[in-house]
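# Survey of secondary and tertiary structure
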Amino acid sequence: MQKIVEVLPDSVKLIDRALEVVLSKMQEAIAQRGLCTIALAGGGTPKPLYEKLALQDLPWEKLHVFWGDERCVPPDHPDSNQRMARQAWLDNVPIPAANIHPMSTDAADPSVDADKHEAELQAFFNSSAGEFPSFDIILLGIGDDGHTASLFPHTEALQVRDRLVTVGNKDGQPRITFTAPLINHARAVIFIVAGIGKRPALAQIFAPVADDFVYPARLIQPQAELWWLLDQTAGGELGGTGGA
Ligand code: 6PG
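So, a few notes on the structure that sits alongside this text. (Residues numbered from 1 in each chain as written. Predicted model: local features only at pLDDT ≥ 70, side-chain atom pairs only at ≥ 80, totals over all residues. Heavy atoms only, no water.)

## Brief notes about the overall build of the protein
Here is the rule: Helix and strand assignments come from DSSP, with helices taken as H or I runs of at least 4 residues and strands as E runs of at least 2, each series counted from the N terminus. The globule rule is 2.2 Å times the number of residues to the power 0.38, and the radius of gyration it is compared with is taken over C-alpha atoms. The buried label goes to any residue with under 20% of its type's maximum accessible area, the exposed label to any with over 50%, and the partly exposed label to all in between, with areas taken from a 1.4 Å probe on protein chains only. Contact definition: two residues touch when any of their heavy atoms are within 4.5 Å. Per-residue accessibility takes into account occlusion by the displayed protein chains alone, with areas from the Shrake-Rupley method and a 1.4 Å probe. Positive charges are assigned to Lys and Arg, negative charges to Asp and Glu, while His and the chain termini are left out of the count. For charged residues, the charge sits on one atom: NZ in Lys, CZ in Arg, CG in Asp, CD in Glu.
Across its full length, the protein holds 7 helices and 10 strands. Relative to its length of 244 residues, the protein is compact, with a C-alpha radius of gyration of 17 Å against a globular reference of 18 Å. Dimensions of the protein along its principal axes, counting C-alpha atoms only, are 40 × 40 × 35 Å. Relative to its 244 residues, the protein shows a buried fraction of 52%. Expressed as a percentage of contacts within the protein between residues at least 6 apart in sequence, the contacts between residues at least 24 apart total 76%. When the accessible surface of the protein is totalled, it reaches about 10300 Å², and 50% of it is carbon and sulfur. For the protein, the distance from the average site of its 20 positive side-chain charges to the average site of its 31 negative ones is 4 Å.

## Comments concerning the site of the ligand
Test applied: Neighbouring residues are identified by heavy atoms, a residue being near a molecule or strand if any of them is within 4 Å of it. Distance and chemistry together define a polar contact, namely a pair of N or O atoms within 3.5 Å, with one atom able to donate a hydrogen and the other to accept it when in protein, and with adjacent residues in sequence counting only for side-chain atoms on both sides. In this analysis the probe radius is 1.4 Å and the grid spacing 1 Å, with only protein atoms considered; a cavity is a set of points the probe fits into but cannot get out of, a pocket is an open set with protein on both sides within 12 Å along at least five of seven lines, and lining residues have an atom within 4 Å of a point. Assignment of a molecule to a cavity or pocket requires that more than half of its atoms lie within 2 Å of the corresponding grid points. Any residue that is not Ala, Val, Leu, Ile, Met, Phe, Trp, Tyr, Cys, Pro, Asp, Glu, Lys or Arg is counted as polar, Gly included; the first ten are nonpolar and the last four charged.
Contacts to the ligand come from 14 residues, most closely from Thr45, Asp69, Arg71, Ala149 and Lys198. A distance of 2.6 Å is found between an oxygen atom of the ligand and a side-chain nitrogen or oxygen belonging to Thr45. Arg175 places a side-chain nitrogen or oxygen 3.5 Å from an oxygen atom of the ligand. Using a 2 Å cut-off from the grid points, one finds that the ligand occupies the largest pocket. Grouping the amino acids of the shell around the ligand by side-chain chemistry returns 2 nonpolar, 8 polar and 4 charged.

## Looking at the side chain of Gln82
Positionally, Gln82 belongs in helix H3 (residues 81-88). The contact partners of Gln82, leaving out residues within four places of it in the chain, are Trp67, Glu70, Pro75 and Pro102.

## What to know about the sheet that holds strand E6 (residues 137-140)
Rules: We call two strands paired when DSSP finds no fewer than two bridges between them. Throughout, an axis means a line fitted to C-alpha atoms (over the contacting stretch in the case of helices), and angles, computed between N-to-C directions, take values from 0 to 180 degrees.
The parallel open sheet is built from 7 strands, whose spatial order is E1-E10-E9-E6-E2-E3-E5. The outermost strands of the open sheet, each flanked by one partner alone, are strand E1 (2-8) and strand E5 (100-101). Here strand E3 (residues 63-67) pairs with E5 via 2 bridges, running parallel. Looking across to E5, one finds that Phe66 is bridged to His101. Across the face of the sheet, helix H4 (residues 110-125) comes into contact with strand E2 (36-40), E3 and E5 while running at roughly 160° to E3.

## Some thoughts on the packing of aromatic side chains
What counts is decided by this rule: Working definition: rings of Phe, Tyr and Trp (its six-membered ring) pair if their centres are within 6.5 Å, and the pair is stacked with planes under 30 degrees apart, edge-to-face with planes over 60 apart, and tilted otherwise.
One pass over the structure, following the stated rule, counts 10 aromatic pairs. One aromatic cluster is present, formed by Phe66, Phe124, Phe125, Phe135 and Phe178 through successive ring pairs.

## As for the side chain of Thr105
Looking at where Thr105 falls in the secondary structure, it is placed in the loop between E5 and H4. Relative accessible area serves as the criterion here: at 15%, Thr105 is assigned to the buried category. There is a polar contact of 2.6 Å between the side chain of Thr105 and the backbone oxygen of Val73. The residues contacting Thr105, other than those within four sequence positions of it, are Glu70, Arg71, Cys72, Val73, Pro74, Pro75 and Asp113.

## Remarks on the layout of surface pockets
Our working rule: Grid points are joined across faces, edges and corners, and a volume is the space filled by probe spheres set on the points.
A volume near 350 Å³ is recorded for the largest pocket. For the largest pocket, the lining is made up of 23 residues, of which Gly42, Gly43, Gly141, Ile142 and His147 are closest to its centre. Counting only elements with at least two residues in the lining of the largest pocket, the list comes to strand E4 (69-71), E6 and strand E9 (188-193). When its residues are assigned to classes, the lining of the largest pocket shows 9 nonpolar, 9 polar and 5 charged.

Structure, rendered in structure tokens:
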């Protein structure tokens, strides 16, 4: 694994750097394989990045967009990660509708939605049961509690090792989420983290020893590239390792 940690002076420069890295990975994937698969993070941090991506001139037909997790709400609900990314980015560019692959969230039982998306991923990547496909890019954030995607502390989702997609749980609220092994098979995992509130969790995530089940972002140890892009308020005590 190649781990790159960069601490940027402020959140504006963090998003500018995240855009640079994402565009570079997109171009690399398209040059090497003719397409790029990217899974988006939810929450608030990546929204300005998605707004900047909407201003790019990209080969949209070669880009396939997924989400690393989704709240169990309709796609037009204010909490929907799909809604946020569509409003900030995807509704504003000529990307083919078939290239957008949201997690369905309309089943009464969230495990039905998780199974459906698992099947959709296996079909898209032509992968068989037990095989983990490799996304070109997976974007992630972390919560103040050290969760990532919808892999929350002390939840069963953290122990799922034989599936691509499972049901996460935030304070009793179900979510659909990529599993840690699926994330770890990505060619590039890019964490984008800003704000002083993330500092205590980052200290535990970066500590030589801590409990992965208390700080689930520790489970993300991809075989390929792991990028931590942090603003000064979040990562000021960590110090960067510089870019690749
Ligand atoms: C979600 C995200 C989640 C997010 C973190 C950070 O569905 O909310 O996938 O993992 O990345 O909670 O959220 P902020 O960027 O809003 O701090």
